[in-house]
Amino acid sequence: MPNVLLSREQLRRIIRRRKESGAYRWDEVWDGVYVVSPDPDIQHQGLAGEFYHVFRLALVGDPEALIYPSINISDRPDRWRKNFRCPDAAVFLPGNPAENRGAYWLGGPDFLVEILSPGDRARRKLPFYANVGVREVLIVDRNPWRLELHRRLEDRFLLAGTSSPDDPEPIASAVLPLRFRLVPGEPRPTIEVVRLDGARWSV
């Protein structure tokens, strides 16, 4: 499990060390509690970069769509660092009411991706994401491999579909013109992304 640090002296010391090493950029604050996230491994970082690239290609016909590999999302207009989350990829579509505050977004994207690392608690972020208006969350679980598409219904998320190597059924987004599925393979399954017009990419 990630460490939640409550001692103020310990917190300052750990934050200073993590800033010096650069590891702090994956940390978050949950309602005033500093959460040290698991450092993403090479595969995690590679998947995040590929999702960003695929979204850029898949949404090229919508020049007003904003796509980010990682951003700060908060629900607070002031003192945003007291409560923020950092997804692995995010898509803001035209008409999204979130505000770009420079260092962070006040409000959530329409669609985001969370890639799980050992000890990751990304599923516990879902209530926060619902609160800031995220419409869909794609969770990439790597142990065992599985895709989960969560769709917001009013103030909470419901599991809209899954895809795994044993059951590689595509799951269709209601927000983006895309379908996602896991295709069995070695050394790991491939995440297939298919646009409604048939264009496809592999992650």
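Residues numbered from 1 in each chain as written. Predicted model: local features only at pLDDT ≥ 70, side-chain atom pairs only at ≥ 80, totals over all residues. Heavy atoms only, no water.

Asker: Help me understand the sheet that holds strand 15 (residues 178-183), please; the structure alone is not making it clear to me.
Answerer: Pairing between the strands of a sheet comes from backbone hydrogen bonds, and it takes one of two forms, parallel or antiparallel. Read from one edge to the other, the open sheet built from 4 strands follows the order 14-15-16-17, with strand pairing classed as antiparallel. Whereas interior strands pair on both sides, the edge strands pair on one side only; in this sheet they are strand 14 (171-172) and strand 17 (200-202). Two strands pair when backbone bridges link them, and strand 15 and strand 16 (residues 190-195) are joined in this way by 6 bridges, in the antiparallel orientation. Bridging across to strand 16, leucine 182 finds its partner in isoleucine 191. Across the sheet, helix 2 (residues 42-58) touches strand 15, strand 16 and strand 17, and the angle it forms with strand 16 is around 15 degrees. (Pairing = 2+ DSSP bridges. Helix = DSSP H or I, 4+ residues; strand = E, 2+ residues; numbered from the N terminus. Contact = heavy atoms within 4.5 Å. Axes fitted to C-alpha atoms, helices over the stretch in contact; angles between N-to-C directions.)

Asker: Explain the pattern of salt bridges to me, please; I cannot follow it from the model alone.
Answerer: Where charged atoms from two side chains of opposite charge come close, those side chains can pair. Evaluation of the coordinates by the stated rule reveals 14 salt bridges. The salt bridge partner of arginine 101 is glutamate 99, with a shortest N-O separation of 3.0 Å. Residue glutamate 99 is classed as partly exposed on the basis of its relative accessible area, which comes to 39%. Between arginine 181 and glutamate 192 there is a salt bridge whose closest N-O contact spans 2.7 Å. Of this pair, arginine 181 sits in strand 15 while glutamate 192 is found in strand 16, placing the two residues 11 residues apart along the sequence. A relative accessible area of 24% places arginine 181 in the partly exposed class. One salt-bridge network, in which partners are shared between bridges, spans Arg123, Asp141, Arg146 and Glu148. (Salt bridge = Lys/Arg side-chain N within 4 Å of Asp/Glu carboxyl O. Buried < 20%, exposed > 50% of the residue type's maximum accessible area, 1.4 Å probe, protein only.)

Asker: Please explain the nonpolar core as it appears in this structure.
Answerer: The tendency in soluble globular proteins is for nonpolar side chains to be buried side by side. If you look at the biggest cluster of nonpolar residues, it comprises 30 residues, and the most contacted ones within it are Phe51, Phe55, Phe111 and Phe180. Of all the secondary structure elements, the ones that give two or more residues to this core are helix 2, strand 7 (89-92), strand 10 (111-115), strand 11 (136-142), strand 12 (145-153), strand 15 and strand 16. By residue number, the principal contributor to this core is helix 2, which donates 6 residues. Aside from chain neighbours lying at most four places away, what touches phenylalanine 111 is Phe55, Ala89, Ala90, Val91, Glu136, Leu138, Leu149, Ser173, Val175, Leu176 and Phe180. Within the second largest apolar cluster, 18 residues are counted, among which are Trp105, Leu116, Ala122 and Ala130. (Core = buried A, V, L, I, M, F, W, Y, C linked by side-chain atoms within 4.5 Å.)

Asker: So what exactly am I meant to see when it comes to the sheet that holds strand 11 here?
Answerer: The 6 strands lie next to each other as 4-7-10-11-12-13, forming an open sheet whose pairing is mixed. Each end of this open sheet is capped by a strand with a single partner; those strands are strand 4 (66-68) and strand 13 (156-163). On average, adjacent strands in this sheet sit at an angle of 15 degrees to one another, irrespective of strand direction. In this sheet, strand 12 lies alongside strand 11 in antiparallel orientation, the contact comprising 7 bridges. Paired with valine 137 across the bridge in strand 12 is histidine 150. Its contacts with the sheet put helix 2 on strand 4, strand 7, strand 10, strand 11 and strand 12, and the angle it makes with strand 10 is roughly 160 degrees.

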